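In case you want the letters, here they are:
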Amino acid sequence: MKLLKHKKLSKKLNLFIMLEKGSPTEATGIIAPPETRYKNVERTPSLTENLYVKAIEGFKVTIKNLFQKKVTIRYPEERKELPKDYRGRHYLDTEKCVACEFCAAACPVNIIFIAGEPHPEKIRHPRIFNIDILKCIFCGYCVEACPTGALQMTDVYELYSPERFILTIDELARKP
Amino acid sequence: MGRKTNQEIFEKISLICKGLFTKSRVRDIPEFVVPKENIIELEKRLKQDGFNMILDLFGVDFYDNQKLKDYAEVNSRFAIIYHFLKIPDNERIRVIVPVEDGESVPSSCSLFIGADWFEREVFDLFGIKFDGHPDLRRIFLPEDYEGYPLRKDFPTKGVKEYIGTKYTPNFVRLKDRNKKHTEPLDPFEEGSRMVVNVGPTHPATHGTFRMIFELEGEDIVGVDLEIGYLHRGVEKNSENMRWEDFIPMTDRLNYLSAYLNNMIYTEMIERWCGIWDDVPARAKFIRVILGELSRIADHCVSIGTMAVDLGALTPFWYLFRLREEIYTVFEWAVGARLTTSGTAFGGVRKDLDEKTINHINYIVDKLVPEVIRDVDGLLTKNRIFIDRTRGVGKISARDAIEWGFTGPSLRGSGVAWDIRKVAPYGLYEEFDFDVPVATEGDVYSRYLVRMEEMLQSARIVKQALKNLPDDGIMIKSDKFANIPRLPEKKYVYTQIEPLIHHFKGMVEGVVPPFGWYYFGGEAANGELGYFAISYGKRTPWRIRIRPPCFAIYQAFRHMVLGHKLADFVAVLGSINVIAGELDR
Ligand code: SF4
Ligand code: SF4
């Protein structure tokens with residue numbers, strides 16, 4: 001009975017959509033562009049499936065998986081190995097940086113603030129170098145833009161900090 | 001039967017629509033400038049010719065840029081651009097309708113029902129009204145919002161803050177019940193209807209959007225959808241961004257398969273600038289490999305969360321295990337998990353190393369078939385799952401096309417439409433794969449299509465890995481002035497000339513040719529298209545994103561009407577709505 005009502009309702013639904021847009025055409029065949037090779041994956045449930053027999057077979061899958069090797073890791077005791085050039089927290093080599101502000105110009109969200117000062121050896125040196133890490137989208141464009149290799153990204157991804165969200169030059173220069 | 005060339009389509013449409021347009025030309029696709037009085041007549045004739053989908057409908061504000069107006073050959077401040085598509089012949093045309101401020105345009109909803117939300121969006125963001133639209137409300141922004149954000153004179157920062165949104169629902173109702181009651185009645189009274197609000201944050205929505213249902217007993221008899229909770233103004237922001245800075249923004253559209261979004265955007269710029277042929281094959285192969293892997297990851301989430309919503313938790317874990325392995329590949333191959341930004345104009349940003357390749361091999365050879373087999377064993381033949389999904393959220397091929405469906409949702413309705421096949425981009429014509437279709441058009445069909453598509457994607461990756469060429473990952477040629485090639489870092493550090501090139505590239509950046517261009521590709525949910533206008537500067541004039549879910553989600557109202565309340569989660573899961581892409 002429930003099923004019947006359901007069918008009636010969907011019929012009504014179809015009728016309604018059709019009425020709005022002219023003559024009814026049901027999805028009978030497959031519409032395919034010329035030369036497109038397609039694979040029809042439509043299926044009708046077999047008798048055993050209708051009798052819930054196959055549903056019980058699902059237990060086989062679960063039981064099989066029960067005896068498999070665990071795939072989870074016990075973070076934070078265990079950690080995933082990450083590549084060296086993972087796009088995590090920034091690291092600034094203040095020795096190399098010449099305060100050219102290329103990184104600031106390349107940043108899509110404009111969160112790098114640099115103030116340079118003259119330096120006897122390399123002409124310019126960053127006095128202030130701030131990255132507003134809360135707004136950072138970790139795109140790595142600043143690193144790509146840096147002509148001296150001073151700015152790099154590390155594999156540090158745990159950036160939790162209770163109060164400070166702006167990385168200053170001292171924090172940036174700290175080796176992870 | 002070969003495909004018609006643009007010139008042939010142009011001549012055909014010129015003949016059919018004679019006298020309706022004022023200007024016409026062939027650019028990337030045939031274009032017609034049509035006065036707004038003629039648009040309905042033009043659509044009628046297009047429809048007779050077999051054009052059955054409004055792929056995209058959006059506005060452009062030329063403001064005071066005379067050069068762009070000359071390019072578009074219009075004299076008004078605004079233009080509405082329609083992209084019409086003919087399935088299955090893949091004929092596309094663009095129609096440009098000039099509009100002045102304060103004017104209105106006839107609505108296309110009576111002919112192409114899929115224009116519904118697209119017109120609401122234009123109304124919302126440009127303030128252009130559509131005469132005869134059944135439900136012209138703001139769609140992303142609150143009702144009491146002042147101003148129209150995508151107009152060029154609207155400041156990017158906005159004008160004032162809005163706290164709380166004002167929203168008046170307007171229900172789509174089952175027609176035959178409409179007359180009985182108009183007001184929600186006392187829920188305890190016989191035959192009355194109740195209003196149930198779902199969302200904006202609800203476990204079944206997987207994103208922030210709100211649904212309001214009118215129920216009679218458990219049957220859904222009225223639906224209204226509110227979206228826009230995640231509207232970040234990506235299109236507005238793009239106008240203040242350099243072309244290359246938009247790549248990270250594309251990550252945040254469909255964040256489940258960010259790499260595909262990157263790939264399509266990058267390829268658009270490359271084709272536009274005419275450097276596509278010079279992009280090294282290895283870069284193209286890497287894009288295909290990572291793109292298809294992210295398609296698998298996307299389908300994993302789609303199927304997994306749908307199963308969870310229907311009460312099956314186990315398949316979710318198996319699928320997320322596969323997804324986690326794929327994200328491990330992304331960690332090594334691009335350096336990020338979710339927001340990949342893995343491509344750059346002219347190639348990819350990072351090469352695949354031996355270890356990553358081995359891991360990908362393990363995934364496509366072993367893990368994908370294994371996980372699919374497990375999930376298959378748990379769901380496909382499960383009578384409980386079949387009962388919950390078969391016949392639910394049905395949509396016929398014809399209706400699906402009219403609403404603007406693309407991707408797995410359309411293939412679930414029996415249309416073998418896949419842009420990778422009909423208009424191969426990337427390197428997809430080199431690979432051997434099938435397009436899965438199912439004919440019923442219900443939740444179960446869409447599920448079957450997604451399952452098969454994962455296997456097909458794995459097949460593509462396998463072929464790509466086998467033939468991976470070795471010719472560098474970045475474009476080598478210097479002859480293209482408009483795509484600066486950043487030299488390799490090790491030369492920048494040590495030699496003066498690469499350093500100068502580096503400076504030049506950084507300062508000048510990418511400037512695509514003056515004009516506009518459209519390019520669409522097969523993202524995980526359907527056709528993701530970018531339409532961009534360049535005015536010869538480092539920032540775009542406008543980037544329009546054609547989101548696949550936006551068109552699909554508007555039909556959701558009609559797909560759930562008449563079903564039980566509990567069925568909406570199945571329908572929602574099967575069309576895989578991603579709020580990031582929906583609201584942009
Ligand atoms: S990673 Fe991207 S967003 Fe973050 S500071 Fe660098 S350029 Fe800016
Ligand atoms: S681009 Fe490099 S050298 Fe220039 S300011 Fe930034 S970190 Fe320093």
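Throughout what follows, the structure given in this document is the object of discussion. For clarity, every value in this text was computed on a predicted model and none was experimentally measured. (Residues numbered from 1 in each chain as written. Chains lettered and ligands numbered in written order. Predicted model: local features only at pLDDT ≥ 70, side-chain atom pairs only at ≥ 80, totals over all residues.)

Structural notes on the site of ligand 1
The criterion, for reference: As used in this record, a residue near a molecule or strand is one whose C-beta atom, placed from the backbone, is within 6 Å of it. Amino acids are sorted into nonpolar (Ala, Val, Leu, Ile, Met, Phe, Trp, Tyr, Cys and Pro), charged (Asp, Glu, Lys and Arg) and polar (every other residue, Gly among them).
The environment of ligand 1 is made up of 13 residues, and the closest members are Cys107(A), Cys136(A), Cys139(A), Tyr141(A) and Cys142(A). In terms of residue class, the shell around ligand 1 is made up of 12 nonpolar, 1 polar and no charged.

Some points on the site of ligand 2
The environment of ligand 2 is formed by 14 residues, the closest being Cys97(A), Cys100(A), Cys103(A), Cys146(A) and Leu151(A). Per-class residue counts for the shell around ligand 2 are 12 nonpolar, 1 polar and 1 charged.

Points about helix H10 (residues 354–380) of chain B
All names here are of chain B. Stated formally: Secondary structure elements follow DSSP: runs of H or I of four or more residues count as helices, runs of E of two or more count as strands, with numbering from the N terminus. Helix span, expected: 1.5 Å multiplied by one less than the number of residues in the helix. In this analysis the local bend is the angle between axes fitted, respectively, to the seven residues ending at and the seven residues starting at the residue. With C-beta atoms placed from the backbone, a residue is buried if 20 or more other C-beta atoms are within 10 Å of its own, exposed if 12 or fewer are, and partly exposed between those counts.
Taking 1.5 Å as the rise per residue, H10 with 27 residues should run 39 Å; its terminal C-alpha atoms sit 36 Å apart, in good agreement. Residue Leu367 marks the point of greatest curvature in H10, where the axis turns by about 40°; the proline Pro369 follows within four residues. For H10, every residue scored as buried is listed here: Thr356, Ile360, Ile363, Val364, Val368, Val371, Ile372, Asp374, Val375, Gly377, Leu378 and Leu379.

Brief notes about the sheet that holds strand S16 (residues 526–534) of chain B
The strands that make up a sheet pair up through hydrogen bonds in the backbone, lying either parallel or antiparallel. Residues and elements named next belong to chain B. What counts is decided by this rule: Here, any two strands with at least 2 DSSP bridges between them count as paired. Working convention: axes come from line fits to C-alpha atoms, limited for helices to the stretch in contact. Angles between N-to-C directions cover 0 to 180 degrees. Whether two residues are in contact is decided by their C-beta atoms, placed from the backbone, lying within 7 Å.
Taken together, 3 strands build an open sheet; the order of strands is S15-S16-S17 and the sheet is antiparallel. Looking at which strands have only one partner, the edges of the open sheet turn out to be strand S15 (515–523) and strand S17 (540–546). The average angle at which neighbouring strand axes cross in this sheet is 15°, direction not considered. The pairing of S16 with S17 spans 6 bridges and is classified as antiparallel. Considered in S17, the bridge of Tyr530 is made with Ile545. Running at roughly 145° to S15, helix H7 (residues 258–273) makes contact with S15 and S16 of the sheet.

Overview of the interface of chain B and chain A
Residue-level contacts link 65 residues of chain B with 53 residues of chain A. Here the side of chain B that touches chain A is built from residues that sort into 29 nonpolar, 17 polar and 19 charged. Of the strand pairs in this sheet, strand S1 (residues 38–40) of chain A and strand S14 (residues 435–437) of chain B are connected by 3 bridges, and their pairing is parallel. The partner of Lys39(A) across the bridge, within S14(B), is Pro436(B).

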